[in-house]
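Okay, here's what each chain looks like letter by letter:
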Amino acid sequence: MIHCEGLVKIYKSEGLEVFALQGLDLVVETGELMAIIGNSGSGKSTLLNMLGGLDRPSAGALTVDGKNMLKMSEGELVRYKRESVGFVWQNNARNLIPYLTAQENVELPILLRGRRRKERAAELLEAVGLSHRRHSRLQQLSGGEQQRVAIAIALANSPKLLLADEPTGSLDTRMTEQILDLFRELNRTIGITIVIVTHDLQLARKVDRVVSIRDGKTSSEMLRRISYTEELEELERGMETAAAAEQSHVEYAILDKAGRLQVPAAYLESIGAKDTNKVRLELVEGTIVMTPGSSAAAGKK
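Conventions used here
Residues numbered from 1 in each chain as written. Predicted model: local features only at pLDDT ≥ 70, side-chain atom pairs only at ≥ 80, totals over all residues. Heavy atoms only, no water. Helix = DSSP H or I, 4+ residues; strand = E, 2+ residues; numbered from the N terminus. Buried < 20%, exposed > 50% of the residue type's maximum accessible area, 1.4 Å probe, protein only. Contact = heavy atoms within 4.5 Å. Pairing = 2+ DSSP bridges. Axes fitted to C-alpha atoms, helices over the stretch in contact; angles between N-to-C directions. Parallel < 35°, antiparallel > 145°, perpendicular 65-115°, else oblique. Left-handed = near helix turned anticlockwise from the far one by under 90°. Nonpolar A, V, L, I, M, F, W, Y, C, P; charged D, E, K, R; others polar. Polar contact = N/O pair within 3.5 Å; in protein donor to acceptor, adjacent residues only side chain to side chain.

Looking at this structure, I do not really get the overall build of the chain. What am I missing?
Assigned secondary structure in the chain consists of ten helices and 13 strands. Taken over 301 residues, the chain has a buried fraction of 43%. At a minimum sequence separation of 6, the contacts of the chain that also span at least 24 residues come to 63%.

I'm lost on the sheet that holds strand β10 (residues 217-224) in this one. Help?
Within a sheet, adjacent strands bond to each other through the backbone by hydrogen bonds, running parallel or antiparallel. Pairing in this open sheet of seven strands is mixed, and the strands run β6-β7-β8-β3-β9-β10-β11 from one edge to the other. Lying at the two open borders of the sheet, with one neighbouring strand each, are β6 (85-89) and β11 (249-253). For this sheet the average axis-to-axis angle between neighbouring strands, irrespective of direction, equals 20 degrees. Relative to strand β7 (residues 161-165), β6 runs parallel, the two being bridged by five bridges.

Would you mind showing me how to read the packing of helix α3 (residues 102-111) against helix α4 (residues 117-127) here?
The description of two packed helices rests on the angle between their axes and on the distance between the axes. Running from N to C, α3 and α4 cross one another at 125 degrees; their axes reach a closest spacing of 9 Å. On the basis of the axis angle, α3 is oblique to α4. For the pair α3 and α4, the sense of crossing is right-handed. Here Ala102, Gln103, Val106, Glu107, Ile110 and Leu111 of α3 come into contact with α4, specifically with Arg117, Lys118, Arg120, Ala121, Ala122, Leu124 and Leu125. Here the contact of α3 with α4 is composed, by residue class, of eight nonpolar, one polar and four charged.

Honestly, the packing of helix α5 (residues 143-154) against helix α6 (residues 173-190) in this entry has me stumped. Any pointers?
Orientation of α5 relative to α6, taken along the N-to-C sense of each, is 20 degrees, at an axis distance of 10 Å. In this view, α5 runs roughly parallel relative to α6, as classed from their interaxial angle. Regarding α5 and α6, the two cross each other, and that crossing is right-handed. Here α5 contributes Gly144, Gln147, Arg148 and Ile151 to the contact with α6, which in turn contributes Met175, Gln178, Ile179, Leu182, Phe183 and Leu186. Residue composition of the contact of α5 with α6, by class: six nonpolar, three polar and one charged.

Even after reading the chapter, I still don't get the side chain of Thr218, so can you show me in this structure?
Relative to the elements of secondary structure, Thr218 occurs in strand β10. With a relative accessible area of 11%, Thr218 lands in the buried category. At 2.7 Å, the side chain of Thr218 and the backbone oxygen of Asp25 are in polar contact. Contacts of Thr218, omitting those with residues within four sequence positions, involve Leu24, Asp25, Val211, Ser212 and Ile254.

Structure follows, in structure tokens:
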């Protein structure tokens, strides 16, 4: 569904150039439910905007659903945003019109396609568990219910890709669990590809793959030891899984095509290499061993 290679995004402001992405590589399979995490300023929201056609890359390659995002005309880009991708934002003001009911909010994007809007909106609200609230206005809905309406709107035109930017950032723990369970159910039942951008590490327990972005590059991936579905099934049978007994995911560093990787600062600090740009690499019995360079190691025994 998504293929990024050497993706670069440069913003220019008052004569300054800011690199939001610095050669990012990423592949997302069709039908995958995955999360992208990173600290503020890491580049994750910039990536989401480019995946959604809201911004264009400065360099590199970006293909979404077989479409070259660097070569699309403005008309093709409008059609892509209208037909191929759906958005869910953290701020409900970007998702919803406050003076309309839940059903009327969902009907609006369907008007553009000329479909049977009332029936389709009712189906979508039922899919997100809100059929009983379809005639309620937004001020009558809780934050979690409003976010469910936003998800129904994002699905209105049957997109192949759903992009969610901090979709649970303003919700409490219980509502967060419900929204993430809804994403899993939609992914399972209709097969839609879902990419969730967040800074919340706890979200990793709900998805099978988590990609971490740091300084505009993919730095690591966390893959679940066993699938979330298998974990729930074993918990229901009263069995303690390896994921429950230890960590739910295994983290892998990402090598780019030049063989470069980002080493976590805690690792460098633990070997005394945090304040140097030189390390020594040795191959010892099939294992790569990294030690501080001679200047950094001089004061260590």
